[in-house]
Structures are given as structure tokens and as C-alpha cells.
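Topology and contacts: notes
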Amino acid sequence: MTESGITTNVIDKGRGMADMLINMGPQHPATHGVFRMELALDSEMIVDVTPHIGYLHRGSEKLFENEIYSQIITLFDRLDYISNFNNELGLVMAVEKLMDLEVPDRAEYIRVILCELNRIASHLVFIGTFALDMGALTPSLYNFRDREKILALFEATSGARMMHNFFRVGGIKQDVIADFPARVTTLLGELEAGIDEADKMLSLGEVFVERTRGIGVIDGDVALDWGLSGATLRASGVPYDVRIEEPYSVYDRFDFGVPVGSAGDCWDRYYLRVLEARESIKIIRQALQQMEPGPVQAKVRAIARPPKGEVYVHAENPRGDFGVYLVSEGAESPYRLKVRPPSFCNLMALRDLLIGHYIADSVVILGSLDIVLGEVDR
Amino acid sequence: MNEFNWTYIAVVVVGIFGLFAFLSTVVISLTWYERKTLARIQMRAGPSRVGPHGLLQPMADVFKLITKEDIRPTNSSGMLFWSAPIIVFVSAFLVWLTVPFADGAVVAPQELGLLYIVAISTVGIVGLLIAGYTSSSKYSVLGGIRAAAQLVSYEIPIIVVVLAIAVLVQSLDLRDVVLGNEVTIGERVISFGGQGAIPFAFIMPLGLIVFILAGLAELGRTPFDIHHAESEVVGGPFLEYSGAHWAVFFLAEYINTFVIAALTILLFFGGWSWPSPPESIFGTALEEWQTDALGVGWFLFKTYMVVGLFFWFRGTYPRLRIDQLMAFGWKSLIPLSFVNFILMSIVIFYDWPLWTMTTFSVPILIGGLYFGARRTARKADPSTVQMYRRASRDDGGNKLVPDGTGD
């Protein structure tokens, strides 16, 4: 230990000579929450990194074991707190699979619409904060404005802007409001304009490209070895999307594209998300067309009791492959409920990505991984 | 030497106090101006609660800052830590002594005014370096070092552009730059009629662009706000300062912003000289003080426009990395500034008409922009990202294939 209380062992195992250890986070504006990195620097060059997580650990996975399933939904809302619907979907799908439940079509369509809207909201936040990491103030405000419109619709639908608690085992809590399709259609038009605006302002901008091209490059093989998923994996040229490979819900009924990068750098990781948001709009349009009136809840007991057994379900969250591993003893609470958080797995590649880059790039690379600490720490 | 010019001393002392009051007002107005400009760019209202249109918001901020506790980190070195903001502020303030607002409106006119400005404005970096070094914070050290490293890459272009102006005017006095000058060297008379007729922006557009870009780097404003980048070094040298001392840094920043804008106007846009004499516009003969007042007003108006341009940049661009700024400075700005200087010297040496300078500069400027844009276009190639789709059932169904081969 040095005087300031930072461990120095990182110098010994580093790849070069470090002349300064700097502690970035947990209170740092660019670490997206309470993430902490110990950077060993050779002047401005990063020689070694020791990431520290756990500042937001709430023991969620232990909590799951003492709650009934409808209560766990509220806890799932708080994992990845900017894509709440997607989290809820992961949980209810796992329970439904174990109970072998048939979910009404209308409920599935509403779930897909809400999840894809949430994906757009999440990507808008990503684009805004990513630009903010580079010192561009304006895109974040534009994107938060558009996200707010989505959240307003969520509030009208579920009663809450973020912690919705809306999906249920076997369906959804209640049918959507009467003018839901009309409101979504209007919203999609506004979102398209908003995404175009952000795209025009940033994507091909001179300084932005200069800061992101060729920064934090990761090869497809290495990305697979680290277990990366989502846009972070696809940017490295690995075409993998759970919605296509193992279609869940009603995703096999839509025609949509999945952008795949090849450079594997920060720019690709950014641009994939812009395109993905546009594809989500297409999915929602198709879902609105195919949606028909009907029940939104299958017949399930008020307190769900899945049979004894175990199941693994995964879904494509905005951040990547969100997995839920559920072991049930037939009780009203799970015996074990393990979450595979995409942010956590994507964060694993951080050390490889950072070494050899400048300290200014560290925030860009961390931003491009798009982590949410609520999910990393659970 | 026993005759001490007391009148001059009195004028300077009164001038300094007047200038201080004036600059404080300017800074207060600039903070409001910046917040409103940024708010408009970002589609929000900006300050609107304190006073009409939030005009009193800066006063509230100042009051808050002055009454805040002034904290010094335990490990910092006291005297140096406290002196850093003063060095930064004094250097920013001293520059203004020789900046003319109008023909007569200058505190201490100097024949070598341009050199004085260039020299004094650099001293502020010493303050930043001291602030970074004595704050006993690693982020501050990084910020201070960055400020010093940045210095060389923007200071040379600024000096060389200023020298080109001096070659054109044959004087280093800012009043000559605006009003024109006549020099006799041997048998040759070099005269220039003042910027009222043709602002230098039209004679050396290349110099103007280089000056504004290098000036932005000197100010540490977006896209060159590297030494106090919030998302990287969290405020850099200012990180550990609070209360009144931080306010002094803040004051110096804005005074510097204003001085670069004012120099842009003085050197390239004719300073206080109206496009045509005010008499011809108002139709009556004007007293001298009236002409001066009109000049000051016109000068301030133009300066605020340039400051607005800086704020616009801030609302638009991300920030460059330190090595990219230095590469930009050394590989683009310095060569361009020397090209500008040499062309200007040739034009003056052979006594060519001044429009030849424009005809030389414009193609170089367009060429530079073209090569810059082409370089970016090569990097900003969206074709690295391709659209994939679900494969058709014959191809195995649930897997991704490049667009066009799916169903």
C-alpha cells in the first residue's frame, strides 16, 4: 500500500513502466455510475488497469430466493435500470418456460413493442452519454428529450417511467391504453427524426471520428473468448443476435435487419446502436400491424409455483445477451435464480481494450461498452 | 528624470480600476450569454428564474461563489496554491491594458502592443501549471501538464499570424493595425489606409482561420478544452479549488475568451472602425467623444459576435485528444501560419497590390479544407457496418446472413 491507500501491485504485473497510478472512480463523471478503475500510467499512456466493481451490489440474487415471482419482477426492473422491460421479459420467459405456459398473442406483441421501445430509449441514452464522454454536450440533451417521450408513453401504459413492474408470468398486468397504437405511431415518427438528428450531428463528424476510429479495437475471436455479446460483439464482426438465432417471444414473425460491424472499434460499436434503434422502429411498426385484440393474460394462479426443475432462458437486451438461469423446487420462490448480465460480461474485456491507449480514450472505450452498474453489480 | 509624470500615473490607475470594473461586467454578461446560447442550441430555456430572462443569475452565482468556503487540500503547498489563480488572473487582466477599444479609449497605449499581448497572455499557463502541481491531486497534475504541453502547439501559429499582420502594417501598435500606417524605408513608402476600407479578413483569410483555431486552443475551449476536460481529468488544474479562488480562475477564463475575440476583431475585422464613417451614416458632424463612443459600441458588438461563435463551437463539437491537438497544431496550423507569413512578406516586398494576397490565400485555404475533409471521409467510412438478416428457411433459418442473401 502506498500513502494514498492505492495498491501498487498493478505495476508489478503490468506490461511496462508506470510512473503514476491514478484512481478513476467511483466518483468520476465518466464512469457511468460507481465503477472504479485503477489506471497505471506512463505519462498519459495506460500501462495497466485494475477494475473494481461492487459499489452498487445489493445482493439481488440472494434476495430473489426469498421473494415470490411477482415480487422478483420488481427486482429485475432494478438490474439494468435503463432497459427495464427487457429485464422483466427475461424473468417471465424463464418462469413460463418452466411452467410450460402458453402466453396470449396480444400479450407477446405488447411485450415486444415495449421491449423494442425500451431498446431505443436505452440506445438513445448510450449515444448521448457516449458523446458526453467526449465533451459533446448537445447530443445528450437531444436524446434525453426523445427518451423522455418514450418514458411518457411507458408511464401512460404501466404507471411508471422506469420501474414498471408490468410483465406478469403468463402475460402482462393489464391491456394497454386505448390510443396506444396511435401514440406509438406518432412517437415512432418523432424518434426517427430524433435518431436522424443525433446521427447527423455525431456519426461522421470530424472530431468524433477522430476520437473513435481505431480506438479500443477487439477481434471477433477475442471478443468471443471474453464472452462479449450484443452490439459489442457484433461490432467485431460476429453475427450473433439472440432474437434471430434462438427466437423467443414472437420475434420470428418480424422481418428486421441486424447491423454487424467489422472494424471492432468504438466507432463501429457506436454506429451499430444507431442502426439498431432504426431497426427496432421497423419491428414495432410490424408488431402494431400484426397485433389483434384478445386476452393479455393466460390463466395462472395468483402465486405462480413452477414445477421442480431448472431452465435457462436468454434474450437480446440492449446491452447484449441477458440470461436467466432458474432452479425451482416447486415452491413459490426460486431455489436459485442466476442472472447472466451482459454489461458484466462485456466489462471483462476492459483491461485488454484499455492497455496501450491514452487516458482520454479510457472514458471513450468504457463508454462504448455501454455498461450499467446496476446490472454489473446486481 | 526627476520630472515624474503624475498625470500619466493617475490616468493609468484610474484606467486600471475602470478596466477592472468593465471586465467584471463583461465576464458576468458572458456567463449569461454562454448559458443562454448553449441553452438555445440544446433546445432548452437556460437561466430564467432570477431576474428577467435570468439576467441576474450571474450575480447570484457570484454571490454564491464568494460566500462559499475556500478549501485547501491538506497536502497542497499553501502559498503557491493560493497564488496560482492570481497569476492566471493578472496575466489575463494585463493584456487588456494595451487593447484599444477605440482611437482614444486605451489605458496604456504601447508601440509594441502586439508583442506585449502575445508575451503576457502566455504567462497565465505558468499559473495553470502551478495550480496543477500544487493541488496534490493527480488529475490536477495531468491537467496542468496538458495545459503546458498544449502551449507550444498553439502559441507559435498565433505569433506567426500576428507577425504577418505586423509585416502588412509595418507596426506592432494595435491602433496602427486598425487606423492604418505609413512607413518610409529608404526611398520606399509603405502605407496602409486602415481597416475601415478593407478588413484584413479579406486580405489574409488563411491567417484568420489559423488565428481563430489557435486562439480556441489557447483559451482551452471546445474542441480544445483538453486541460480541464470534465470527463477525463475532472476540471484539471481547477479541480481542488473552491469558492472565491475558483471564481478568480473562472474570471480569468472569460477575460481570456474576450481578449481573443477582441484581438480577432482588431486584427481582422477592423476593430472600432465603422464600415463607412459614422458621419456619413448619421448625416451630421459628430464630436470626438461621440465618434469614440460609437466606435466602442461597434467594437464590443463585433467582439460579442465572435464570442458567440466560440460558444457555438462548444455546443457543437466533441473534444480532441491531446496528441491529436498537438498533431493538428504542428502539422496543420504551424505550416499554414508560415505559408501565410511568407506570402505576406513576398507581397509586401515586391509591393504587389493586396488583393494578390487574397488570391494566394483562398486556394490554399480551400485546398487545406479539401485535404482535411478527404482525410476524415476516409476514416468516417460507414461501410464497415453492414446489415445482416435472418437466413431463408433453405439456408438453415435461424442464423444471420449478410443482407440480400436472406428472405
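Residues numbered from 1 in each chain as written. Chains lettered and ligands numbered in written order. Predicted model: local features only at pLDDT ≥ 70, side-chain atom pairs only at ≥ 80, totals over all residues. Heavy atoms only, no water.

Turning next to the overall build of chain A. A count of helices and strands for chain A gives 16 helices and 9 strands. For 378 residues, the compact-globule estimate of 2.2 N^0.38 gives 21 Å, and chain A sits close to it at 21 Å. If one aligns the C-alpha atoms of chain A with their principal axes, the spans along those axes are about 65 × 45 × 35 Å. The buried share among the 378 residues of chain A stands at 62%. Looking at chain A alone, contacts between residues at least 24 apart form 72% of all its contacts between residues at least 6 apart. Carbon and sulfur atoms make up 53% of the accessible area of chain A, which amounts to about 13,100 Å² in all. In chain A, 38 positive and 55 negative side-chain charges are present, and the distance between their average locations comes to 5 Å. (Helix = DSSP H or I, 4+ residues; strand = E, 2+ residues; numbered from the N terminus. Rg over C-alpha atoms; globule rule 2.2 N^0.38 Å. Buried < 20%, exposed > 50% of the residue type's maximum accessible area, 1.4 Å probe, protein only. Contact = heavy atoms within 4.5 Å. Areas by Shrake-Rupley, 256 points an atom, 1.4 Å probe, with all protein chains shown as cover. Lys, Arg positive; Asp, Glu negative; His and termini not counted. Charge placed at Lys NZ, Arg CZ, Asp CG, Glu CD.)

What follows is about unusual backbone geometry. For the bond running from threonine 222 of chain B to proline 223 of chain B, omega is 0°, close enough to zero to count as cis. Within the fold, proline 223 of chain B resides in the loop between helix H8 (205-219) and helix H9 (243-268). For asparagine 165 of chain A, which is not glycine, the phi torsion reads 55° and is therefore positive. Along the polypeptide, asparagine 165 of chain A turns up in the loop between helix H6 (138-158) and strand E4 (167-168). Residue histidine 53 of chain B is not a glycine yet carries a positive backbone phi of 55°. You can see histidine 53 of chain B is positioned in the loop between helix H1 (6-41) and helix H2 (57-67).

Bringing the sheet that holds strand E2 (residues 36-42) of chain A into the picture now. Across the sheet, which stays open at both edges, the 3 strands sit in the order E1-E2-E3 (chain A) with antiparallel pairing between neighbours. Only two strands of the sheet have a single partner each, and these edge strands are strand E1 (20-24) and strand E3 (45-52) of chain A. Averaged over all adjacent pairs, the angle separating strand axes in this sheet is 20°, with direction ignored. Pairing of E2 of chain A with E3 of chain A, which is carried by 7 bridges, proceeds in the antiparallel orientation. In the sheet register, arginine 36 of chain A faces E3 of chain A, and the bridge partner there is histidine 52 of chain A. In the packing of helix H5 (residues 138-169) of chain B onto the sheet, contacts are made with E1 and E2 of chain A, and the angle to E1 of chain A comes to roughly 115°. (Pairing = 2+ DSSP bridges. Axes fitted to C-alpha atoms, helices over the stretch in contact; angles between N-to-C directions.)

This part is about the pairing of strand E8 (residues 320-328) of chain A. Residues and elements named next belong to chain A. When you tally the buried positions in E8, you get 8 out of 9 residues, the bulk of the element. Bridging between strand E7 (residues 309-317) and E8 involves 9 bridges; their strand directions are antiparallel. Looking at E8, one finds that asparagine 317 is bridged to glycine 320. The turn joining E7 and E8, which pair antiparallel and follow one another in sequence, is formed by 2 residues.

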